[in-house]
Amino acid sequence: MSRADTLDYRPLIERWRDSPLQPWAAQLQEQIAAGLSLQRYGDLPRWLDALAALPDIAVSHRVLDAARVGADCEPPLPEPERAALRDTLQRLRPWRKGPFELFGVHIDTEWRSDWKWERIAPHLDNLAGRRVLDVGCGSGYHCWRMAGAGAAEVIGIDPTPLFVVQFWALQKYLQQPHTWVLPLGIQHVPPGLRAFDTVFSMGVLYHRRSPMDHLAELRDCLRPGGQLVLETLVIEGGPGDTLVPEGRYARMGNVWFLPSVDTLLGWLRKLGFVDASLADVAPTTSDEQRATDWMRFHSLANFLDPDDASRTIEGHPAPRRAVVTARVPGQ
Ligand SMILES: Nc1ncnc2c1ncn2[C@@H]1O[C@H](C[S@+](CC[C@H]([NH3+])C(=O)[O-])CC(=O)[O-])[C@@H](O)[C@H]1O
């Protein structure tokens, strides 16, 4: 048994037996082994060691809401143990999506992902009792918020193994048996599942070389009547306007299509979505995305033109993100 097997997905595979997700369950063990391959991901043993070094703590209280996502114990953790927990969690840097609060340790992530959740939350179908998919979920910050909003099953997928290990570090204490993060990309989801009530794709579309294929894949994950919640970088402009940066965009190498909001809504309608509408559009600020003690690399402020914050360092329009929602027709 390799150490990656300590991330135990068997209860999920068992749960999906004889469900609409059975076709996925049948491939999952193999996909997970590839997504957590020790040969492929040389840093994985180091992260798994950090995970194994996390102390067992009896949790007295868990919170998954706007105030915080985290866990407490009673009596509070003494300072030396808190410092040790902090050091172990720091071995899983960089922490990008959060924040989290574990026994007095504040994981101050690069992103205030809670701000994004506040923007999308008013536009969501009631999540109570729903089965939801979060594509490109990172450490799973929004997955925990979906669980906190009452979702019956939350499946996050992300192909970056560090984020998956971060999820397991949190899961050790948050203990939400129906919340999972799988080490997979959207391309690994079997086509045509039509099994999820709500599908989220946030911060992923611009990383996909074919945005129409990405939207079609998301559509085919949804049951008839299900809701898509899509968040992506957009440009200002009208129908048909799209930026395809030739080189990097805000120092990111794998950025493909940045549509205007009208273009994006048109793409959704063309693919058969109904009720496509804009929920929110806002520039990304360096209060929301910034370097911290938990993510010590460069962040947004370093990716903008130092003389003109409305431009990226490459001269493109600065990041602006839209949230749109749409629905698959039917019941
Ligand atoms: N093919 C793929 N399939 C699925 N995920 C992918 C793929 N390729 C990369 N990713 C993952 O998509 C995530 C994009 S971040 C958004 C996080 C969260 N949703 C957020 O909205 O805060 C972008 C941002 O910073 O906004 C990363 O975690 C990648 O590993």
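Quick note: structure is the one above.
Residues numbered from 1 in each chain as written. Predicted model: local features only at pLDDT ≥ 70, side-chain atom pairs only at ≥ 80, totals over all residues. Heavy atoms only, no water.

J.: Where do I start with the overall build of the protein in this structure?
T.: From N to C terminus, the protein includes ten helices and 17 strands. Its C-alpha atoms give the protein a radius of gyration of 20 Å, within 12% of the compact-globule value 20 Å for 331 residues. C-alpha atoms of the protein, sized along the principal axes, occupy 55 × 55 × 40 Å. Excluding contacts between residues fewer than 6 apart, the proportion of contacts in the protein whose partners are at least 24 apart in sequence is 70%. Split by element, the accessible area of the protein, about 14,300 Å² in all, is 50% carbon and sulfur. Once the 36 positive and 41 negative side-chain charges of the protein are each reduced to a mean point, those two points are 3 Å apart. (Helix = DSSP H or I, 4+ residues; strand = E, 2+ residues; numbered from the N terminus. Rg over C-alpha atoms; globule rule 2.2 N^0.38 Å. Contact = heavy atoms within 4.5 Å. Areas by Shrake-Rupley, 256 points an atom, 1.4 Å probe, with all protein chains shown as cover. Lys, Arg positive; Asp, Glu negative; His and termini not counted. Charge placed at Lys NZ, Arg CZ, Asp CG, Glu CD.)

J.: Looking at this structure, how should I read the packing of aromatic side chains?
T.: Any two aromatic rings considered together are summarised by their centre-to-centre distance and by the angle between their planes. Tallied over the full model, the rule gives twelve aromatic pairs. On the basis of an interplanar angle of 90° and a centroid distance of 5.3 Å, the ring pair of Tyr 9 and Trp 168 is categorised as edge-to-face. With Tyr 9 in the segment before α1 (10–16) and Trp 168 in helix α7 (residues 161–174), this pair connects stretches of sequence that are 159 residues apart. Residue class for Tyr 9 comes out buried when judged on its relative accessible area of 1%. Counting every residue linked through ring pairs, the aromatic cluster contains Tyr 9, Trp 144, Phe 167, Trp 168 and Trp 180. Over the ring of Trp 111 we find Lys 116; its NZ or CZ atom is 5.7 Å from the centre of that ring. (Phe/Tyr/Trp six-rings, centres within 6.5 Å; stacked < 30°, edge-to-face > 60°. Buried < 20%, exposed > 50% of the residue type's maximum accessible area, 1.4 Å probe, protein only. Lys NZ or Arg CZ within 6 Å of the ring centre and 35° of its normal.)

J.: Please clarify how the pairing of strand β8 (residues 153–157) should be interpreted in this entry.
T.: Summarising burial for β8: five of the five residues are buried, a large majority. Here β8 shows a buried face lined by Glu 153, Ile 155 and Ile 157 and a second buried face lined by Val 154 and Gly 156. The pairing of strand β7 (residues 131–135) with β8 spans five bridges and is classified as parallel. Directly across from Asp 134, in β8, lies its bridge partner Gly 156. In this region the chain leaves β7, passes through helix α6 (residues 141–148) and returns to the parallel neighbour β8; the handedness of that crossover is right-handed. Of the pairings in the sheet, the one linking β8 to strand β9 (residues 179–182) comprises four bridges and is parallel in character. Across the sheet, Ile 157 pairs through a bridge with Leu 182, a residue of β9. (Pairing = 2+ DSSP bridges. Right-handed = clockwise from strand over helix to strand, strands pointing away.)

J.: It is not clear to me how the site of the ligand should be interpreted in this structure. Could you clarify?
T.: The environment of the ligand is made up of 20 residues, and the closest members are Lys 97, Lys 116, Gly 136, Asp 158 and Thr 160. The separation between a nitrogen atom of the ligand and a polar main-chain atom of Gly 136 is 2.6 Å. Within the side chain of Arg 321, one N or O atom sits 3.1 Å away from an oxygen atom of the ligand. Grouping the constituent residues of the shell around the ligand by class yields eight nonpolar, seven polar and five charged. (Near = heavy atom within 4 Å. Polar contact = N/O pair within 3.5 Å; in protein donor to acceptor, adjacent residues only side chain to side chain. Nonpolar A, V, L, I, M, F, W, Y, C, P; charged D, E, K, R; others polar.)

J.: Honestly, the packing of helix α8 (residues 211–221) against helix α9 (residues 261–270) in this entry has me stumped. Any pointers?
T.: Any two packed helices are characterised by the angle at which their axes cross and by the distance between the axes. Direction vectors running N to C along α8 and α9 enclose 55°, while the axes themselves pass 10 Å from each other. Here α9 runs oblique to α8, going by the angle between their axes. Considering the relative orientation of α8 and α9, their crossing is right-handed. Facing α8, whose interface residues are Pro 211, Met 212 and Leu 215, α9 presents Trp 267, Leu 268 and Lys 270. Of the residues contributing to the contact of α8 with α9, the split by class is five nonpolar, no polar and one charged. (Axes fitted to C-alpha atoms, helices over the stretch in contact; angles between N-to-C directions. Parallel < 35°, antiparallel > 145°, perpendicular 65-115°, else oblique. Left-handed = near helix turned anticlockwise from the far one by under 90°.)

J.: Could you clarify how one ought to interpret the pattern of salt bridges in this entry?
T.: One side chain can pair with another of opposite charge once the charged atoms of both are near each other. According to the stated counting rule, one finds 23 salt bridges in the structure shown. Close ionic contact of Asp 108 with Arg 290 constitutes a salt bridge, the shortest N to O distance being 2.8 Å. Of the two residues, Asp 108 sits in the loop between β5 (105–107) and β6 (111–112) while Arg 290 sits in the loop between β14 (274–283) and α10 (300–303), which places them 182 residues apart along the sequence. By relative accessible area, which is 23% here, Asp 108 ends up partly exposed. We note a salt bridge from Asp 275 to Arg 327, for which the minimum N-O separation is 3.8 Å. (Salt bridge = Lys/Arg side-chain N within 4 Å of Asp/Glu carboxyl O.)

J.: Looking at this model, I keep getting lost on the sheet that holds β9. Mind explaining?
T.: Taken together, the seven strands give an open sheet; going across it, the order is β9-β8-β7-β10-β11-β17-β14, and neighbouring strands pair in mixed fashion. The sheet is open, and its two borders are formed by β9 and β14, each paired with just one other strand. Shown here is a sheet whose adjacent strand axes are inclined to one another by a mean of 15°, direction ignored. For β14 and strand β17 (residues 320–327), the ladder comprises seven bridges, and the chain directions are antiparallel. Across the sheet, residue Leu 278 finds its bridge partner in β17, namely Val 324.

J.: How do you make sense of α9 when you look at a structure like this?
T.: Each turn of an α-helix holds 3.6 residues, which means side chains three or four residues apart point in the same direction. Within α9, burial applies to Val 261, Thr 263, Leu 264, Leu 265, Trp 267 and Leu 268. Immediately downstream of α9, the backbone of Gly 272 shows phi near 95°, a positive value.

J.: Even after reading the chapter, I still don't get the sheet that holds strand β1 (residues 61–64), so can you show me in this structure?
T.: In a beta sheet, neighbouring strands are held together by backbone hydrogen bonds and run either parallel or antiparallel to one another. Ordered in space as β1-β2-β4-β5, the four strands form an open sheet in which the pairing is mixed. Bordering the open sheet on either side are β1 and β5, each of which pairs with just one other strand. Here the strands of the sheet are splayed against their neighbours by 10° on average, with no regard to which way each runs. Two elements, strand β4 (residues 100–102) and β5, share three bridges in a ladder whose sense is antiparallel. Paired with Leu 102 across the strands is Val 105, a residue of β5. Of the strands in this sheet, β1, β2 (69–72) and β4 are in contact with α7, which crosses β2 at around 45°.

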